[in-house]
Amino acid sequence: AKHNGRNNYQFFTKDIKENIKRIMLLENGLKKALREHAFHLVYQPQVSLSTGELAGVEVLLRYTHPVLGPVSPFEFIPLCEKLHIMDDITEWVLREACKQHKEWKEKGMVVKMAVNVSPLNLSNQRFSEQLKKLFTEEHCDPQYFELELTETSLSSHLEETIRILQELKEAKISIVLDDFGSGYSSLVYFTDFPIDKIKIDKSFVQGIPNKERNSIIIENIARLSKQLGIETLCEGVETEEQAVFLKKYGYEFAQGYFFSKPLSKERFEQKYLATV
Ligand code: C2E
Ligand code: CA
Ligand code: CA
Ligand code: CA
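Analysis parameters
- Residues numbered from 1 in each chain as written.
- Chains lettered and ligands numbered in written order.
- Predicted model: local features only at pLDDT ≥ 70, side-chain atom pairs only at ≥ 80, totals over all residues.
- Heavy atoms only, no water.
- Phe/Tyr/Trp six-rings, centres within 6.5 Å; stacked < 30°, edge-to-face > 60°.
- Helix = DSSP H or I, 4+ residues; strand = E, 2+ residues; numbered from the N terminus.
- Buried < 20%, exposed > 50% of the residue type's maximum accessible area, 1.4 Å probe, protein only.
- Lys NZ or Arg CZ within 6 Å of the ring centre and 35° of its normal.
- Donors = N, O, S within 2.8 Å, 3.2 Å for Na, K, Ca; no water.
- Salt bridge = Lys/Arg side-chain N within 4 Å of Asp/Glu carboxyl O.

J.: Where do I start with the packing of aromatic side chains in this structure?
T.: The description of an aromatic ring pair uses the distance of the two centres, along with the angle that the planes make with each other. Counted under the stated rule, the structure contains eleven aromatic pairs. Taking the centre distance of 5.0 Å and the plane angle of 70 degrees together, the rings of F135 and F145 count as edge-to-face. Highlighted residues: F135 in helix α5 (residues 127-137) and F145 in strand β5 (residues 145-149), separated in sequence by ten residues. Taking the relative accessible area as the measure of exposure, F145 reaches 1% and is therefore buried. Here a set of aromatic residues connected by ring pairs shows up, and it is made of F39, Y63, F76 and W92. One cation-aromatic arrangement involves K261 over Y257; the distance from NZ or CZ to the ring centre is 4.7 Å.

Pasting the structure below:
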């Protein structure tokens with residue numbers, strides 16, 4: 001096909017057209033999705049490495065387009081940001097998480113919920129105020145909730161961001177720095193922001209224990225966090241070897257396919273309701 005330039009060109013424009021069509025379909029679908037119940041949540045267990053017990057869940061958003069089928073959050077979250085509907089999405093996720101938390105509590109299972117927050121949410125000056133209102137309306141106790149933020153959330157408008165985080169903290173909501181080690185993670189995050197927990201990115205976790213330099217960093221982040229009183233959780237744990245290594249170096253919590261994939265509410269209840 002090397003000399004068949006004309007055909008390649010036609011394939012190429014066909015690809016572009018397909019992509020534009022997909023994005024248009026997705027954007028229209030996403031705008032309607034909250035009304036039409038096209039979103040739902042799944043829950044990935046987080047476990048204590050020392051006891052193996054359930055320590056909480058990460059709440060993950062799922063979207064199924066009526067024509068295109070299931071779409072990855074890696075594809076649809078950036079589109080929601082572009083469409084300026086992230087405030088509504090986060091509010092919906094938090095409200096659903098509150099309802100689920102309450103339902104499980106009534107069934108005798110108190111589950112800590114970790115919810116992802118977009119950098120755009122933190123540029124909303126009234127974010128903490130709106131969150132407090134939501135917890136009051138839902139009669140939900142914020143101390144069982146954690147917000148997972150990435151460092152991009154923290155890099156702009158420093159003063160304003162610190163104010164919002166402090167207000168959240170006063171409202172007993174915990175702050176987790178997500179994907180730690182995936183970007184230009186700096187130790188400034190430990191000193192300038194009121195962070196309760198760091199979540200070590202899966203790229204780090206998946207490099208152990210074969211990459212020696214990686215292991216040295218992993219080991220020292222654990223020590224540093226402990227000394228600073230910051231909790232740790234490792235994401236993307238896929239093998240027993242990784243879990244054993246992380247436990248040995250003093251990590252407290254872990255999450256990943258080795259323990260469990262994200263589960264539907266029903267599957268989660270089947271697995272944990274009887275054991276708690
Ligand atoms: P994240 O916050 O880093 O979430 C972890 C992702 O890793 C999830 O992908 C999870 O399913 C996946 N994962 C869990 N264990 C393993 C493992 O052992 N190995 C590997 N390779 N992957 C694992 P998911 O659910 O596709 O979500 C992708 C990203 O989309 C999330 O990354 C998060 O940034 C974003 N996202 C998901 N739900 C929400 C939401 O409700 N709000 C916002 N703002 N973002 C969300
Ligand atoms: Ca996360
Ligand atoms: Ca993460
Ligand atoms: Ca990640």
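J.: Help me understand the coordination of the calcium ion (ligand 3) in this model?
T.: Octahedral six-donor coordination of a metal ideally yields angles of 90 or 180 degrees, compared with 109.5 degrees for tetrahedral four-donor coordination. Taken together, the protein ligands of the calcium ion (ligand 3) are D178 (OD), D179 (OD), E235 (OE) and E235 (OE), with distances of 2.2 to 2.8 Å. Along the chain, the residues donating to the calcium ion (ligand 3) are arranged with the sequence spacing D-D-x55-E. The metal-metal distance between the calcium ion (ligand 3) and the calcium ion (ligand 2) comes to 3.7 Å, with D178 coordinating both. In this pair, D179 is assigned in strand β6 (residues 174-180) and E235 in the loop between β8 (231-234) and α11 (240-248), connecting sequence segments 56 residues apart. Classification of E235 as buried rests on a relative accessible area of 8%.

J.: Please explain the pattern of salt bridges as it appears in this structure.
T.: Opposite charge on two side chains permits pairing when their charged atoms draw close. One pass over the structure, following the stated rule, counts 19 salt bridges. Ionic pairing is found between R95 and E91, a salt bridge with its closest N-O pair at 2.9 Å. Placement of the pair is R95 and E91 together in helix α3 (residues 86-106), with a separation of four residues, close to one helical turn. On the basis of relative accessible area, R95 is assigned to the buried category, the value being 19%. Here K265 makes a salt bridge to E103, at a shortest N to O gap of 2.5 Å. Of this pair, K265 sits in helix α12 (residues 265-272) while E103 sits in helix α3; the two residues are 162 residues apart in sequence, bridging distant segments of the chain. Classification of E103 by relative accessible area gives partly exposed; the value is 27%. Look at the salt bridges and you will find they share partners, linking E91, R95, K133, E137 and E138 into a network.

Everything listed here is a matter of geometry and, on its own, says nothing about what the molecule does.
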